[in-house]
Amino acid sequence: MTKGGLLDIESLERDEIDEILARSKDFQPPRGEPIKKYDYLRGKTIVNLFFEASTRTRTSFEIAAKRLGADVLSITAAGSSVSKGESLVDTLNTLGAMRPDAIVMRHSASGAPHFLSRYLPIPFVNAGDGTHEHPTQALLDARTILDRRGTLEGLRVAIIGDIAHSRVARSNVFLLSKYGVSIVLCGPASLMPREMKELAPGIELTSDMVQAIEGADVIMMLRVQLERQHETSFPANEYFQFFGLRPEHMEKAKPDVIVMHPGPINRGREISSEVADSQRSAILNQVENGVAVRMAVLERVLLQ
Ligand code: NCD
């Protein structure tokens, strides 16, 4: 991790990932038992700074910080001085002068937390930067796969959808490739640049859903990131017909395949309700694991 923060998965060592995933288990009581609160971060202040829309990631970081006893405040761009024209560096310097112990940040510009962490001597946790990375999402995804499969090694994971604009896809590719997972990326050719092949050795690219799904242990669906597409002609309604995950696909998949999605899901766009709500769906397990994984990350970032 850079200077105590967590900026991306690409630069993490496998040992560090293993430690975070193992620690996250300590924060999850067995089913049916009440959630525990800890005081490991008592006296620490965490600022959650979200310049882009978020429900689960922001709430998840906030709950994680509170369960560790930290003081946490969440700021969204719409209600901050960013909407009065303040620059990003000025906003960050202002917050820095209040001496928080860590900043959790989401921004539409790729590299924004990397850039700012050079200016402020505070650990930054990247909660999603543009189309670049979303490290805690990949960590919670790995935890979810481990819970269901017991291992990552030797699995085949199909990541399907708007690959071009997905920081979730990139972080997952970086993480899964450190564990020898065979990865297939699938989507319309216009949303899957050939360069994606260079993210990690051995990645397969296809526009054929059935080819991606056959033999997969995990199907990871992605939302179409319309907010990052500047062409006005995206055929949103036809998309489901070609790249939406539907019950007929599940018949071609392994019987024990798990279906994941980082959320928010768009029912009838990239996934059908039947599949999203089925036994094979791990979508809510991902959300649940997200809190525990973020507790492990915040503890590590603030106490190391
Ligand atoms: C993802 C994100 O923001 O990158 N969502 C999330 O954090 N759970 C994916 C998305 O918005 O589609």
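Residues numbered from 1 in each chain as written. Predicted model: local features only at pLDDT ≥ 70, side-chain atom pairs only at ≥ 80, totals over all residues. Heavy atoms only, no water.

Caption draft 1: Looking closely at the sheet that holds strand β7 (residues 204-206). The strand order across the open sheet built from five strands is β7-β6-β5-β8-β9, with neighbouring strands paired in parallel fashion. Either end of the sheet is taken by a strand with one partner, and the two such strands are β7 and β9 (258-260). Strand-to-strand twist in this sheet, taken as the mean axis angle between neighbours without regard to direction, amounts to 20°. Both strand β5 (residues 156-160) and strand β6 (residues 182-186) contribute to a ladder of five bridges, which runs parallel. Note on β6: the bridge partner recorded for I160 is C186. Where helix α5 (residues 135-149) meets the sheet, it contacts β8 (218-221) and β9, and its direction lies at approximately 165° from that of β9. (Pairing = 2+ DSSP bridges. Helix = DSSP H or I, 4+ residues; strand = E, 2+ residues; numbered from the N terminus. Axes fitted to C-alpha atoms, helices over the stretch in contact; angles between N-to-C directions. Contact = heavy atoms within 4.5 Å.)

Caption draft 2: Structural view of helix α11 (residues 283-303). Taking 1.5 Å of rise per residue, the 21 residues of α11 would be expected to cover 30 Å, and the 30 Å separating its terminal C-alpha atoms lies within 8% of that figure. Largest kink in α11: about 25°, centred on G290. Of all the 21 residues making up α11, 16 are buried; the element is thus mostly covered by neighbouring parts of the structure. (Expected span 1.5 Å × (residues − 1). Bend = angle between axes of the 7 residues up to and from the residue. Buried < 20%, exposed > 50% of the residue type's maximum accessible area, 1.4 Å probe, protein only.)

Caption draft 3: Molecular detail of unusual backbone geometry. Residue G263 is joined to P264 through a cis peptide bond whose omega torsion reads -5°. Relative to the helices and strands, P264 resides in the loop between β9 and α10 (273-276). At R99, a residue that is not glycine, the phi angle is positive and equals roughly 55°. Structurally, the position occupied by R99 is in the loop between α3 (88-97) and β3 (102-107). On the accessibility criterion, R99 (69% relative accessible area) is exposed.

Caption draft 4: Representation of the environment of L185 within the structure. Within the element layout of this structure, L185 appears in strand β6. By relative accessible area, which is 0% here, L185 ends up buried. Along the chain, L185 and F61 lie 124 residues apart, while their C-alpha atoms are 28 Å from each other. L185 has contacts with I159, I163, V173, M192, M196, I203, E204, L205 and T206, leaving out every residue within four places of it along the chain.

Caption draft 5: Spotlight on the site of the ligand. Around the ligand, the neighbouring residues are R56, T57, R106, H134, Q137, R167, V168, R223, Q225, P262, G263 and P264. Taking P262, its main chain carries an N or O atom lying 2.9 Å from a nitrogen atom of the ligand. In the model, a nitrogen atom of the ligand is placed 2.9 Å from a nitrogen or oxygen of the G263 main chain. Taken by itself the ligand offers 310 Å² of open surface, and the protein chains cover 94% of this. Contributing elements (two or more residues each) for the shell around the ligand: α2 (56-67) and α6 (167-178). Taken together, the residues that form the shell around the ligand break down as three nonpolar, five polar and four charged. Looking at the shell around the ligand, you find at least three residues from each of domain 1 (14-133 + 287-303) and domain 2 (135-282). (Near = heavy atom within 4 Å. Polar contact = N/O pair within 3.5 Å; in protein donor to acceptor, adjacent residues only side chain to side chain. Areas by Shrake-Rupley, 256 points an atom, 1.4 Å probe, with all protein chains shown as cover. Nonpolar A, V, L, I, M, F, W, Y, C, P; charged D, E, K, R; others polar. Domains from an automatic or database assignment.)

Caption draft 6: Focus on the pairing of strand β4 (residues 124-129). Taken across its six residues, β4 has six buried, putting it largely inside the fold. Examined bridge by bridge, β3 and β4 share four bridges and lie parallel to one another. Among the inter-strand pairings, M105 is bridged to a residue of β4, identified as N126.

Caption draft 7: Structural context of the packing of aromatic side chains. Counted under the stated rule, the structure contains five aromatic pairs. An angle of 35° between the planes, with centres 5.7 Å apart, marks the rings of Y239 and F243 as tilted. Placement of both Y239 and F243 in helix α8 (residues 236-243) is noted, with a separation of four residues, approximately one turn of the helix. By relative accessible area, which is 9% here, F243 ends up buried. Through a chain of ring-to-ring contacts, three or more aromatic side chains come together here, namely F27, Y38 and Y40. Between the NZ or CZ atom of R246 and the centre of the ring of F240, over which it lies, the distance is 5.6 Å. One residue, R294, lies across the ring of F61, its end atom 4.9 Å from the ring centre. (Phe/Tyr/Trp six-rings, centres within 6.5 Å; stacked < 30°, edge-to-face > 60°. Lys NZ or Arg CZ within 6 Å of the ring centre and 35° of its normal.)

This is a description of form; function is not addressed.
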